[in-house]
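Spelled out from the first residue to the last, the chains are:
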Amino acid sequence: MASLANTTTAVFIVVIIAISALGSHAICNVSIDEIETCLPAVTRGRLTNPTATCCSVLKRADLPCLCGYKTSIFIPSYVDINLAMGLPSKCGLRRPTNC
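Residues numbered from 1 in each chain as written. Predicted model: local features only at pLDDT ≥ 70, side-chain atom pairs only at ≥ 80, totals over all residues. Heavy atoms only, no water.

## So, the nonpolar core
Here is the rule: Buried Ala, Val, Leu, Ile, Met, Phe, Trp, Tyr and Cys residues that are joined via side-chain atoms within 4.5 Å together make up what is termed a nonpolar core. Note on classification: 1.4 Å probe, protein chains only; a residue is buried when its accessible area is under 20% of the maximum for its type, exposed when over 50%, partly exposed between these limits. Starting at the N terminus, helices and strands are each numbered in turn, a helix being any DSSP run of H or I of at least four residues and a strand any DSSP run of E of at least two. When checking whether two residues touch, look at their non-hydrogen atoms; a contact exists if any pair is within 4.5 Å.
Formed by 16 residues in total, the largest nonpolar core has its most connected members in Cys-38, Leu-58 and Leu-87. Sort the elements by how many residues they give to this core and helix α4 (residues 52–60) lands first, with four residues. Residues within four places of Cys-38 in sequence aside, it is in contact with Cys-54, Leu-58 and Leu-87.

Written out as structure tokens, the structure reads:
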């Protein structure tokens, strides 16, 4: 069950990062600029834990909203999905119901 939530959150993070060039838009209650604070923790080849700022952003995000992004095709090649999927648990978050 936890891996589905991690997948959902990871995909959301990836989508946010992918469209960050569009400006400071908000998706699922967090801005692109805010979610980009998680980028170091999801970049391929890095073993960086999420920062307190990243976790704070994820805690304010509408996690059920993130579920809608789990099948998105906008995942940049530099984002390691496995690292992104681990962010919620590293930040002490629980998986949303029906996600």
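## Let's talk about the pattern of salt bridges
Here is the rule: By definition here, a salt bridge exists when the distance from a side-chain nitrogen of Lys or Arg to a carboxyl oxygen of Asp or Glu is within 4 Å.
Counted by the stated rule, this structure contains one salt bridge. Close ionic contact of Arg-60 with Glu-34 constitutes a salt bridge, the shortest N to O distance being 3.0 Å. Here Arg-60 is found in helix α4, whereas its partner Glu-34 is found in helix α2 (residues 32–35), with 26 residues between them in sequence. Residue Glu-34 is classed as partly exposed on the basis of its relative accessible area of 25%.

## Concerning the state of the cysteines
Threshold: Throughout, disulfides are identified as pairs of cysteine sulfur atoms within 2.5 Å of each other.
Under the defined criterion, the tally for this structure stands at two disulfides. Between Cys-38 and Cys-54 runs a disulfide, and the two sulfur atoms are separated by 2.0 Å. Here the S-S torsion is close to 105 degrees, and the disulfide linking Cys-38 with Cys-54 is therefore right-handed. You can see Cys-38 sitting in the loop between α2 and α3 (39–42) and its partner Cys-54 sitting in helix α4, a full 16 residues away along the chain.

## Structural notes on α4
Going by this rule: It is the directions from the helix axis to the C-beta atoms whose arc is reported.
When α4 is considered as a whole, its buried residues turn out to be Cys-54, Cys-55, Val-57 and Leu-58. An end-on view of α4 places all buried positions within 160 degrees of arc, on one side of the element. Facing away from the buried surface of α4 by more than 90 degrees, the exposed residues are Ala-52 and Lys-59.

## Observations concerning the side chain of Ser-31
With respect to the secondary-structure elements, Ser-31 resides in strand β2 (residues 30–31). Discounting residues that sit within four places of it in the chain, Ser-31 has contacts with His-25 and Ala-26.

## Points about the side chain of Asp-80
Threshold: When charges are counted, Lys and Arg contribute as positive and Asp and Glu as negative, whereas His and the chain ends are disregarded.
Inspection of the secondary structure assignment puts Asp-80 in the loop between α5 (63–66) and α6 (81–90). For the buried Asp-80, no salt bridge exists, and the shortest N-O distance to an oppositely charged side chain is 4.3 Å, to Arg-44. When neighbours within four sequence positions are excluded, Asp-80 is seen to be in contact with Val-42, Thr-43 and Arg-44.

## A closer look at the confidence of the model for the protein
This is how it is decided: Values of pLDDT, the confidence the predictor places in each residue, fall between 0 and 100.
Mean pLDDT over the protein stands at 77; residues scoring 70 or higher make up 65%. Here helix α1 (residues 2–18) stands out as the element of the protein with the lowest mean pLDDT, 63, in contrast to α4, whose mean of 94 is the highest.

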